[in-house]
Amino acid sequence: MSDARSGILQRLRAGGIQEEQTPPDIPLRRFDWDPAECLRRFRARMEAAHGEVHQVGADWPQRMYELLHREGGALLYGPQGPLGPALEQGWPDRGAVRLIPYLEPVEACRDTLFRSVDAGFTSCRGAIAETGSLVLWPTPQEPRLLSLVPPIHCVLLDAAEICSTFHELLTRQAWQTGMPGNVLLISGPSKSADIEQTLAYGVHGPQRLVVLVRS
């Protein structure tokens, strides 16, 4: 055994078990923002990061169609997700954008996913006004690939679920009672910069993020 290693082990044995220390009291940021102010701040920060924010009502499927129809193509969605039935019911029967339900494992629909889909749609858990971030919990019914692979990512956000800080969202939604296996915080479309500091969008994910805020 080397002298250095022997010395380290001797010091550890001599030190014994230390008493458990109380973690430091870290102050939390708190803001007295009403719902209107939370929405204003979320929108300002999301748009500053090149995200699109549109306020909608009960006709949100029609509004989303109007935002996508110029591109045409197909919208991938989870029919068994929390918003799947409402999307199907409110989508135009005949239009430039057709709905494609996500029903097969990625191995079986790889070609369709990467070649035929122009946009993906998901619900979201809420949003953070302080940073302009969406919070997503991917599930087997709404997997991560819906918000990652298509060039456009569309999200429906309830205005009541915009919290001032991440800590407020955790507390309000009681995450301590059941944590998800995967959490996403999205603050704009995908972007990256090369060694010359040239910013490019859509390199590692969607190049367009469309957020529908339902009041």
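Data block above holds the structure.
A brief report on the enclosed structure follows. Model, not experiment: these values are computed from the prediction.

Details of the environment of E47
- Assignment of secondary structure puts E47 in helix α2 (residues 35-48).
- Under the relative-accessibility criterion, E47 is labelled partly exposed at 38%.

Considerations on helix α3 (residues 60-68)
- Residues of α3 that are buried: W60, P61, M64, Y65, L67 and L68. All buried residues of α3 fall inside an arc of 160° around its axis, so they share one side.

What to know about the layout of surface pockets
- Roughly 150 Å³ of volume is contained in the largest pocket.
- Grouping the amino acids of the lining of the largest pocket by side-chain chemistry returns three nonpolar, five polar and two charged.

Some thoughts on the state of the cysteines
- Under the criterion given, the structure shown has zero disulfides.
- Just so you know, C109 is unpaired, no disulfide at all, and the nearest cysteine sulfur is the one on C154, 18 Å from it.
- Owing to a relative accessible area of 0%, C154 belongs among the buried residues under this scheme.

Looking at the packing of aromatic side chains
- What the rule picks out here adds up to five aromatic pairs.
- A ring pair is formed by Y65 and W91, whose centres lie 5.5 Å apart and whose planes are at 90°; its orientation type is edge-to-face. Of the two residues, Y65 is situated in helix α3 and W91 in the loop between α4 (84-90) and β3 (97-101); the sequence distance between them amounts to 26 residues. For the pair Y65 and W91, a shared accessibility class is recorded, and that class is buried.
- Consider the rings of F166 and W175, whose centres lie 5.8 Å apart with planes at 85°: the pair is edge-to-face.
- Note on W175: relative accessible area 3%, which makes it buried.

Description of the nonpolar core
- Ranked by size, the top nonpolar core spans 20 residues in total, and within it F42, L134, L157, I162, V211 and V213 carry the most contacts.
- At the level of elements, α2, β6 (133-136), β7 (152-158), β9 (184-186) and β12 (208-214) are the ones that each hand at least two residues to this core.
- The biggest single contributor to this core is α2, with four residues.
- In this structure, V211 is in contact with F42, M46, E52, V53, H54, L134, V155 and L157, ignoring residues within four places of it in sequence.

Describing the pairing of β7
- β7 sits mainly inside the fold: six of its seven residues count as buried.
- As paired strands, strand β4 (residues 119-123) and β7 are joined by five bridges and run parallel to one another. Looking at β7, one finds that G120 is bridged to H153.
- Where β7 meets β12, seven bridges bridge the pair, whose relative direction is parallel. By the bridge assignment for β12, D158 is matched with R214.

Brief notes about the sheet that holds β9
- Reading across the sheet, the four strands line up as β8-β5-β6-β9 and stay open at both edges, with mixed pairing between neighbours. The open sheet has two free edges, formed respectively by β8 (162-163) and β9, since each of these has just one partner strand.
- Taken together, the three bridges between β6 and β9 define a ladder with antiparallel strand orientation. Across the sheet, the residue bridging to L134 is I186, located in β9.

Scoring rules and cut-offs
Residues numbered from 1 in each chain as written. Predicted model: local features only at pLDDT ≥ 70, side-chain atom pairs only at ≥ 80, totals over all residues. Heavy atoms only, no water. Helix = DSSP H or I, 4+ residues; strand = E, 2+ residues; numbered from the N terminus. Buried < 20%, exposed > 50% of the residue type's maximum accessible area, 1.4 Å probe, protein only. Arc of directions from axis to C-beta. 1 Å grid on protein atoms, 1.4 Å probe; cavity = no way out; pocket = protein on both sides within 12 Å on 5 of 7 lines; lining within 4 Å. Points joined across faces, edges and corners; volume = space filled by probe spheres on them. Nonpolar A, V, L, I, M, F, W, Y, C, P; charged D, E, K, R; others polar. Disulfide = S-S within 2.5 Å. Phe/Tyr/Trp six-rings, centres within 6.5 Å; stacked < 30°, edge-to-face > 60°. Core = buried A, V, L, I, M, F, W, Y, C linked by side-chain atoms within 4.5 Å. Contact = heavy atoms within 4.5 Å. Pairing = 2+ DSSP bridges.

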